[in-house]
Amino acid sequence: MPQIQNQSRNQSRHQRQGQGQDQDPTRPAAPCVLVVQHEDGAGPGLVGERLRAAGLDVRTVHPWRGEPLPVSLDGWAGLLVLGGSVNCEDDTAAPWLPRVRELIREAVAGPAATPVLGICLGAQIMAHALGGTVVRRPQGPELGTVPLRRLPGVEGDPVLGTVPGGAPAAQWHWDEIGGLPPGAVPLLAGDDCPYQAFRVGPHAWGVQFHPEVLADTVAFWARADEAQVLAAGLAPEVLVGGVRAAEPRLREVWGAVAEAWGAVVRAARVPVAAPSGPE
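Since the structure is predicted, the reported quantities are computational estimates derived from the model, not experimental observations. (Residues numbered from 1 in each chain as written. Predicted model: local features only at pLDDT ≥ 70, side-chain atom pairs only at ≥ 80, totals over all residues. Heavy atoms only, no water.)

**Focus: the layout of surface pockets**
Turning to step 1, where the next piece is worked out: Approximately 160 Å³ is the volume attributed to the second largest pocket.
Turning to step 2, where the next piece is worked out: Along the walls of the second largest pocket sit 12 residues, with Gly45, Leu46, Glu49, Glu212 and Leu214 positioned nearest its centre.
Turning to step 3, where the next piece is worked out: Looking at the lining of the second largest pocket, the elements with two or more residues in it are helix H1 (45-53), helix H4 (215-224) and helix H6 (236-268).
Turning to step 4, where the next piece is worked out: Ranked by the residues each element gives to the lining of the second largest pocket, the list is headed by H1, at four residues.
Turning to step 5, where the next piece is worked out: For the lining of the second largest pocket, a count of residues per class yields three nonpolar, three polar and six charged. (1 Å grid on protein atoms, 1.4 Å probe; cavity = no way out; pocket = protein on both sides within 12 Å on 5 of 7 lines; lining within 4 Å. Points joined across faces, edges and corners; volume = space filled by probe spheres on them. Helix = DSSP H or I, 4+ residues; strand = E, 2+ residues; numbered from the N terminus. Nonpolar A, V, L, I, M, F, W, Y, C, P; charged D, E, K, R; others polar.)

**Description of the pattern of salt bridges**
Pairs can form between side chains of opposite charge whenever their charged atoms are close.
Turning to step 1, where the next piece is worked out: Considering all chains together, one arrives at 14 salt bridges under this definition.
Turning to step 2, where the next piece is worked out: A salt bridge links Asp40 to Arg65; the nearest nitrogen and oxygen atoms lie 3.3 Å apart. Of this pair, Asp40 sits in the loop between strand E1 (32-36) and H1 while Arg65 sits in the loop between strand E2 (57-61) and strand E3 (78-81), placing them 25 residues apart in sequence.
Turning to step 3, where the next piece is worked out: A relative accessible area of 5% places Asp40 in the buried class.
Turning to step 4, where the next piece is worked out: A relative accessible area of 38% means that Arg65 is categorised as partly exposed.
Turning to step 5, where the next piece is worked out: Between Arg65 and Glu67 there is a salt bridge whose closest N-O contact spans 4.0 Å.
Turning to step 6, where the next piece is worked out: Judged by its relative accessible area of 28%, Glu67 falls in the partly exposed class.
Turning to step 7, where the next piece is worked out: Through salt bridges with shared partners, a single ionic network connects Asp40, Arg65 and Glu67. (Salt bridge = Lys/Arg side-chain N within 4 Å of Asp/Glu carboxyl O. Buried < 20%, exposed > 50% of the residue type's maximum accessible area, 1.4 Å probe, protein only.)

**Some remarks on the sheet that holds E3**
Turning to step 1, where the next piece is worked out: One open sheet holds the eight strands; their spatial order is E2-E1-E3-E4-E12-E11-E10-E7, and the pairing between them is mixed. Across the chains shown, the open sheet's two edge strands, defined by having one partner strand only, are E2 and strand E7 (149-150).
Turning to step 2, where the next piece is worked out: Two elements, E1 and E3, share four bridges in a ladder whose sense is parallel. By the bridge assignment, Val35 is partnered in E3 with Leu80.
Turning to step 3, where the next piece is worked out: Across the sheet, helix H2 (residues 97-109) is in contact with E1, E3, strand E4 (116-119), strand E11 (193-200) and strand E12 (204-207); its angle to E3 comes to roughly 140°.
Turning to step 4, where the next piece is worked out: Strand contacts of H6: E1, E3, E4, strand E10 (185-190) and E12, with the helix running at about 145° to E3, the strand carrying the most contacts. (Pairing = 2+ DSSP bridges. Contact = heavy atoms within 4.5 Å. Axes fitted to C-alpha atoms, helices over the stretch in contact; angles between N-to-C directions.)

What follows is the structure, encoded as structure tokens:
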């Protein structure tokens, strides 16, 4: 996600993207996925597109705008926690983070099986909330496209089990997971980031990369973070070009993963009334 030095910029730096993600509340009831979006320019993207195409009701809450998160996951069929530039432990910059941690813990250990997918910051929040660690990358940011390696634990995984070795993944992060929560299973790795994907229990997944983004979003982030990217010795136009070249493969691989997670959501859904909000 775009990196910032002054977290107060979160509310103004992304003004054109991440809009129009919510669904028409007049539609017939469908399994509802709660999406936590931490800032503009960081919406559910390709993942949300594929979930909606599969018939799921994707509803996004924007807590940085003052929109409240639900008090529980009652009525929600799934929880999708997106990326963002804030550190996962910075409750001052993002005072909604404690509530997100509570929702993740409820989803993982609560009485109802609520599938979770955490993306980048979302995966870091999940790791931290469940007893893992998140650290600043001493070698600098991981940006652009990176090929992933399959780990033994990914075999037979219902969401990531079909990801081929060497699949490209879009990256944009300065922090990373330093240690997984107790009992977590590592699924995918990269040469410069050991925990690219993991599973906790039977229905919670975290991914350090961005399966939801394509080249236009990365181009937007590269413009926003140009000074930091150049300071890291990287060329923004090269990073964007790499993502754009990989875009057909990104759509294929991570669109299928989004559909697989959506199938888990449908299979685990408890037949309860749909939540009344957010709309």
